[in-house]
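# Coordinates in review
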Amino acid sequence: MASLNGAGWVSAEDAGDADIIIINSCGFIESAKQESINAVLSWKKMYPEKKILLAGCLAQRYAKELAESLPESDGLFGNTNPGGIVEAAAALTDANTKYDTCSHTFHPPPNQRFDSTLPGTTGQRPLLSLPGSAYVKIAEGCNNRCTFCSIPLIRGGLRSRPIPEILAECRELLDRGIKELCLIGQDIGSYGRDFSGDESVLQGSLLPHLLGALSGFKGDFWVRLLYIHPDNFPLPILDIMQHDKRFLPYFDLPFQHGSEKILKLMSRRGNVESCLSLIEKIRARLPDAVIRSTFLLGFPGETDEDFAALLDFQEKAQLDWLGCFTYSREEDTPAYAMKAQVPKKIAAERKRIIEERQVSITEKRMDRFVGREFDVLVEEAVDEEDGLYLGRLYCQAPEVDGAAVITAAQSSKITPGVFVRGKVTGRAGFDLEVRV
Ligand code: SF4
């Protein structure tokens, strides 16, 4: 968006006023692919006269196939060179170019080597996140090779951004009034292992260095770390969190499974014991730590016994938040060819059981916040007259966890995008009720 703005394009408030509709797609599991294709079909149906540019991971992964099978998309734009979007937009709107079908692909073929460096952000990018919060990508790609996962095929190997560049972006966002920096990447525990000169898990990560440098910034802000592969967890970050409360003790650690056999088949280096011991270490050092995880149900070879092991893990881990997915059989991944693929119905039923059991665990975990005071990042004014707002505590990551339902005295002036201090007075489902 920054590149397009720099070239003179403006975002239309309404798609009806736009020259091009750009659909940024996801393509790593079946449901995401379907959702992306449905988006193209429905926007083309609503605006047949507009140019549709299908951008992002789906376009990257299936350029050839989509060029033939999805004529509703007027162009395809992959994910290896974001700045090239300007060229793509210009070509799509060039009156001299004929756009009969999906004949334009604006990216290298899917098998081409990924750039060894990551393009930095240029200019001031418009923010699509909720007020007060911004995502900062610190690394792209992944060197882990979980056997079910197509992300390294789509995004390539790990390429970390240099620390000074990330610091400059964070500084700029804070100067714009951002209160929460969410550092993201496929596995940010591996941050810097590609250029630290030390590929080893324990010494190679430069995440503690990055956080240490960020900790030198003055001001009132949160830093939230999203997605650390549990086998690559750099323990020194716990020291930083202990000493600087702006680094939130919120951990998104995708454990994926609780059966030794399945973890091995998934090519995860850790085992059940190391996963549980990591949770213990984090909670011992940071008693207020909040842990979110992801479980994958129905991986090939998952038997009733493996599922029972996962239930046992769930019980022992007592995670604050949990997201469950069913296995999606992805071409070109090692798991694709594995025997004993689990029927979808069984995977869905196992997912349902896990989710049902998680409800009381999450509710119990959230109850520990009731009666205590916290900073709350305000996101939305629901009814200013009645003093009703929505926001988030540190234990709630943007868009995935519950919300803080804030009631404020009518005289209080509360603006979305700022912190307020409030007391948690109760819990409603997964949401926390906060009085300011
Ligand atoms: S660590 Fe995450 S992104 Fe990397 S291969 Fe495993 S599941 Fe995929």
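This structure is a prediction, so every number in the text was calculated from the model and none was measured.

### Looking at the overall build of the protein
Within the protein, the regular secondary structure consists of 14 helices and 17 strands. Relative to the 2.2 N^0.38 estimate, which gives 22 Å for 436 residues, the radius of gyration of the protein is 23 Å and therefore close to what a compact globule would have. A principal-axis box enclosing the C-alpha atoms of the protein has dimensions of 65 × 60 × 45 Å. The proportion of buried residues among the 436 residues of the protein is 39%. Across the protein, contacts joining residues at least 24 apart in sequence account for 71% of those joining residues at least 6 apart.

### Comments concerning the domain arrangement of the protein
When cut into domains, the protein gives domain 1 (2-105), domain 2 (133-367) and domain 3 (373-435). Computed from C-alpha coordinates alone, the two centres of domain 2 and domain 3 are separated by 26 Å. Listed per partner, the contact involves 20 residues of domain 2 and twelve residues of domain 3. Within the residue set of the side of domain 2 that touches domain 3, elements represented by two or more residues are strand 8 (180-184), strand 9 (222-226), strand 10 (247-252), strand 11 (290-297) and helix 14 (344-367). Per-element tally for the side of domain 2 that touches domain 3: the top contributor is helix 14, with four residues. A per-class count over the side of domain 2 that touches domain 3 returns eight nonpolar, three polar and nine charged.

### Some thoughts on the sheet that holds strand 15 (residues 404-407)
Strands belonging to one sheet form pairs held by backbone hydrogen bonds; the direction of such a pair is parallel or antiparallel. Read around the closed barrel, the five strands follow the order 13-14-15-17-16; overall the barrel is mixed. Within the sheet, the average angular offset between the axes of one strand and its neighbour, ignoring direction, is 50 degrees. Here four bridges tie strand 15 to strand 17 (residues 431-435), and the two strands are oriented parallel to one another. The residue of strand 17 that forms the bridge with V405 is E433.

### A few points about the sheet that holds strand 10
Overall, parallel pairing links the six strands, which are arranged 5-8-9-10-11-12 in an open sheet. Single-partner strands in this sheet number two, and they are strand 5 (133-137) and strand 12 (321-326). On average, adjacent strands in this sheet sit at an angle of 20 degrees to one another, irrespective of strand direction. Direction of pairing for strand 8 relative to strand 9: parallel, over a ladder of five bridges. Residue L183 lies in a different strand from strand 9, and its bridge partner there is L225. In the packing of helix 7 (residues 163-175) onto the sheet, the strands contacted are strand 5 and strand 8, and the crossing angle to strand 5 comes to about 170 degrees.

### Digging into the site of the ligand
Close contacts around the ligand come from C142, N144, R145, C146, C149, I151, P152, Q186, D187 and H229, and that covers them all. Of the residues that constitute the shell around the ligand, the class distribution is five nonpolar, three polar and two charged.

### So, the pairing of strand 15
In regular strands, side chains alternate between the two faces of the sheet. Burial along strand 15 is one-sided: the face carrying A404 and I406 is buried and the face carrying V405 and T407 is not. One ladder, built from four bridges, connects strand 14 (residues 388-392) with strand 15; its direction is antiparallel. Across the sheet, residue G391 finds its bridge partner in strand 15, namely A404.

### Focus on helix 13 (residues 304-317)
For helix 13, which comprises 14 residues, the first-to-last C-alpha distance of 20 Å matches the rise-based estimate of 20 Å (1.5 Å per residue) to within 8%. Those residues of helix 13 not exposed but buried are D306, F307, A309, L310, F313, Q314 and A317. Summarising the axial view, the buried residues of helix 13 lie within an arc of 155 degrees, below the 170-degree limit, and thus occupy one face. The exposed set on the far side of helix 13, more than 90 degrees from its buried face, consists of D304, E305, A308 and E315. Looking at the buried positions of helix 13, the neighbouring elements they touch are helix 11 (260-265), helix 12 (272-285), strand 11 and helix 14. Q318, located one to two residues past helix 13, shows a positive phi value of around 45 degrees.

Here is what the cut-offs are and how they apply
Residue positions are given per chain, counting from 1 as you read along its sequence in written order. The predicted origin of the model limits local features to residues at a pLDDT of at least 70 and limits the giving and counting of side-chain atom pairs to 80 or more, whereas totals for whole chains, interfaces and linings rest on all residues. Numbering of helices and strands runs from the N terminus; a helix is a DSSP stretch of H or I covering at least four residues, while a strand is a stretch of E covering at least two. Two things to know: the radius of gyration comes from C-alpha atoms, and the globule rule equals 2.2 Å times the number of residues to the power 0.38. The burial label depends on the number of other C-beta atoms within 10 Å of a residue's C-beta. Counts of 20 or more mean buried, 12 or fewer mean exposed, and intermediate counts mean partly exposed, with C-beta atoms placed from the backbone. It is the C-beta atoms, placed from the backbone, that decide contacts: two residues are in contact if theirs lie within 7 Å. Domain delimitation follows an automatic or database domain assignment. Think of it as three bins: nonpolar holds Ala, Val, Leu, Ile, Met, Phe, Trp, Tyr, Cys and Pro, charged holds Asp, Glu, Lys and Arg, and polar takes everything else, Gly as well. The rule for pairing is simple: two strands pair if DSSP sees at least two bridges between them. As a rule, the C-alpha atoms of each element are fitted with a line to give its axis, helices using only the stretch in contact, and angles between N-to-C directions run from 0 to 180 degrees. In this entry, near means the residue's backbone-placed C-beta atom lies within 6 Å of the molecule or strand. By this rule the span expected of a helix is its residue count minus one, scaled by 1.5 Å. Directions pointing from the helix axis toward each C-beta atom define the arc.

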